[in-house]
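Next come the chains, spelled out residue by residue.
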Amino acid sequence: MHEGAVCAEVMDIAQRVARQNSLERIERIVVEVGPYSCLNEQELNFYFHVAQEGTCMEGAWISVERNDGLVGVSQMYVRSIEGE
């Protein structure tokens, strides 16, 4: 269930970035996570696959990259969004 909430937040961020940068299509989103994020990449992409239908992210995927240097309460953030 945690991944569903993360997916919704990532999609909100991506849609805002797409509008601000006149992107018609998003192809890839990179999320960086710390060692205590407890994020399951497969579950996140499952939710994303279902939720992206009919959006500018249709066909895109989320890549999760681990960063053991992230400490404190900020255990994840959207590092980059690729599109055109």
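Okay, so let's go over this structure. Here the structure is a predicted model, which is why all the values come from computation and not from measurement.

Along the chain, Glu 82 turns up in strand β3 (residues 76-83). Taking the C-alpha atoms as reference points, Glu 82 and Arg 25, 57 residues apart in sequence, are found 8.7 Å from one another.

The interhelical angle for the contact between helix α1 (residues 2-20) and helix α2 (residues 41-51), taken along N-to-C directions, is 55°, at an axis separation of 9 Å. Accordingly, the angle class assigned to the pair α1 and α2 is oblique. At the point where α1 passes α2, the crossing takes the right-handed sense. Contacts between α1 and α2 pair Glu 3, Gly 4, Val 6, Cys 7 and Met 11 from the former with Glu 43, Leu 44, Tyr 47, Phe 48 and Ala 51 from the latter. Tallied by class, residues from the contact of α1 with α2 come to seven nonpolar, one polar and two charged.

For the structure on display, the rule yields one aromatic pair. With a centroid separation of 5.9 Å and an interplanar angle of 75°, the aromatic rings of Phe 46 and Tyr 47 are classed as edge-to-face. Judged by its relative accessible area of 53%, Phe 46 falls in the exposed class. When its relative accessible area of 28% is taken as the criterion, Tyr 47 is described as partly exposed.

Take the pattern of salt bridges next. Under the counting rule described, the total for this entry stands at four salt bridges. The partner of Glu 82 in a salt bridge is Arg 28, with the nearest N and O atoms 3.1 Å apart. Separated by 54 residues along the polypeptide, Glu 82 in strand β3 and Arg 28 in strand β1 (residues 26-33) bring together distant segments of the chain. By relative accessible area, which is 34% here, Glu 82 ends up partly exposed. Salt-bridge contacts for Arg 79 lead to Glu 65; the nearest nitrogen and oxygen are separated by 2.7 Å. Here Arg 79 is found in strand β3, whereas its partner Glu 65 is found in strand β2 (residues 61-66), with 14 residues between them in sequence. For Glu 65, a relative accessible area of 26% puts it in the partly exposed group.

What follows is about unusual backbone geometry. If you check the backbone angles, Ser 22 has positive phi at about 55° while not being a glycine. Of note, Ser 22 is situated in the loop between α1 and β1. When its relative accessible area of 63% is taken as the criterion, Ser 22 is described as exposed. The backbone of Cys 38 sits at a positive phi, close to 60°, despite the residue not being glycine. You can see Cys 38 is positioned in the loop between β1 and α2.

Rules used in this analysis
- Residues numbered from 1 in each chain as written.
- Predicted model: local features only at pLDDT ≥ 70, side-chain atom pairs only at ≥ 80, totals over all residues.
- Heavy atoms only, no water.
- Helix = DSSP H or I, 4+ residues; strand = E, 2+ residues; numbered from the N terminus.
- Axes fitted to C-alpha atoms, helices over the stretch in contact; angles between N-to-C directions.
- Parallel < 35°, antiparallel > 145°, perpendicular 65-115°, else oblique.
- Left-handed = near helix turned anticlockwise from the far one by under 90°.
- Contact = heavy atoms within 4.5 Å.
- Nonpolar A, V, L, I, M, F, W, Y, C, P; charged D, E, K, R; others polar.
- Phe/Tyr/Trp six-rings, centres within 6.5 Å; stacked < 30°, edge-to-face > 60°.
- Buried < 20%, exposed > 50% of the residue type's maximum accessible area, 1.4 Å probe, protein only.
- Salt bridge = Lys/Arg side-chain N within 4 Å of Asp/Glu carboxyl O.

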